[in-house]
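Next come the chains, spelled out residue by residue.
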Amino acid sequence: MDFDGTYIWQAFGPISATYGATCAFDQAGVLLGGWNLPGISTQLSGLAVFNLTTDVTGIAVTSYDEHYIWFYEFTGSSMILLGSAQLPVSANIFQSLGLCYSSVRNTYFWSYLDNSSVFHISELQITETSLEHSTWGNIKTSF
């Protein structure tokens, strides 16, 4: 759950979910809406809101069982999957738990339970990258 200054955002889905979803409501409890999140097939454990630009909301989520973080752009009516990243595999993750974003540090804080039943909080710095547009011919000749 997170607050973007206007709306309270919450990750939701039943136990044994086959999809991830989020909803947003105002401080009075009036529902803005609910959205399925493409690319997720399990119950969510954490949600963080961040600004993609000054007027575009980004949503990052984690799930209990799949050790990834997914990033979405909220268009005002739908969620667009921007990409995902695998969480650190050296963490010996048993279960991914919570997620929050620090705009001051421009990092994410992720909590998880390891295989030894020890709880951890890790700070993640994530850099957005994209592939350059190339033709298959250009790609093949680069090798």
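First, a word on scope: everything that follows refers to the structure included in this document.

Cut-offs and rules
- Each chain carries its own residue numbering, running from 1 in the written order of its sequence.
- This being a predicted model, a pLDDT of at least 70 is required before a residue's local features are given, and a value of 80 or more before pairs of side-chain atoms are given or counted; all residues contribute to the totals for chains, interfaces and linings.
- Note: side-chain values were computed over all heavy atoms of the structure, leaving out hydrogens and water.
- Put simply, DSSP H or I for four residues or longer makes a helix, DSSP E for two residues or longer makes a strand, and each gets a number counted from the N terminus.
- For every residue, the accessible area (1.4 Å probe, protein chains only) is compared with the maximum for its type, and the residue is labelled buried under 20%, exposed over 50%, or partly exposed between those bounds.
- Throughout, a residue-residue contact means that at least one pair of heavy atoms, one from each residue, lies within 4.5 Å.
- One bridge is not enough; two strands pair if DSSP finds at least two bridges between them.
- Only C-alpha atoms enter the line fits that serve as axes; for helices the fit covers just the stretch in contact. Angles between N-to-C directions range over 0 to 180 degrees.
- We define a salt bridge as a side-chain nitrogen of Lys or Arg found within 4 Å of a carboxyl oxygen belonging to Asp or Glu.

Scanning the protein for helices and strands turns up one helix and eleven strands. A burial count over the protein gives 36% of its 143 residues as buried. Across the protein, every contact between residues at least 6 apart in sequence was considered, and the portion connecting residues at least 24 apart equals 30%.

Taken in spatial order, the three strands make up an open sheet running β9-β10-β11, and their pairing is antiparallel. The open sheet has two free edges, formed respectively by β9 (93–102) and β11 (119–124), since each of these has just one partner strand. Sheet twist, expressed as the average angle between the axes of neighbouring strands with direction ignored, equals 25°. Sheet topology note: the strand β10 (residues 107–114)/β11 ladder contains six bridges and is antiparallel. By the bridge assignment, Leu-113 is partnered in β11 with Phe-119.

Attention now moves to the environment of Ile-80. Residue position: Ile-80 is located in strand β8 (residues 79–86). Along the chain, Ile-80 and Gly-39 lie 41 residues apart, while their C-alpha atoms are 9.9 Å from each other. For Ile-80, the residues in contact, after removing those within four places along its chain, are Phe-71, Tyr-72, Glu-73 and Thr-75.

The strand order β1-β2-β3-β4 describes an open sheet built from four strands, whose pairing is antiparallel. Every interior strand has two partners, whereas the edge strands, β1 (2–3) and β4 (31–37), have only one. As defined by bridge partners, strand β3 (residues 20–25) adjoins β4 across six bridges and the pair is classed as antiparallel. Along β4, the bridge assignment pairs Phe-25 with Leu-31.

Let us look at the pattern of salt bridges. Enumeration over the complete set of coordinates arrives at one salt bridge. Taking the shortest distance from any N to any O, the salt bridge between Arg-105 and Glu-123 comes out at 2.6 Å. With Arg-105 in the loop between β9 and β10 and Glu-123 in strand β11, the pair connects residues that are 18 residues apart, well separated along the chain.

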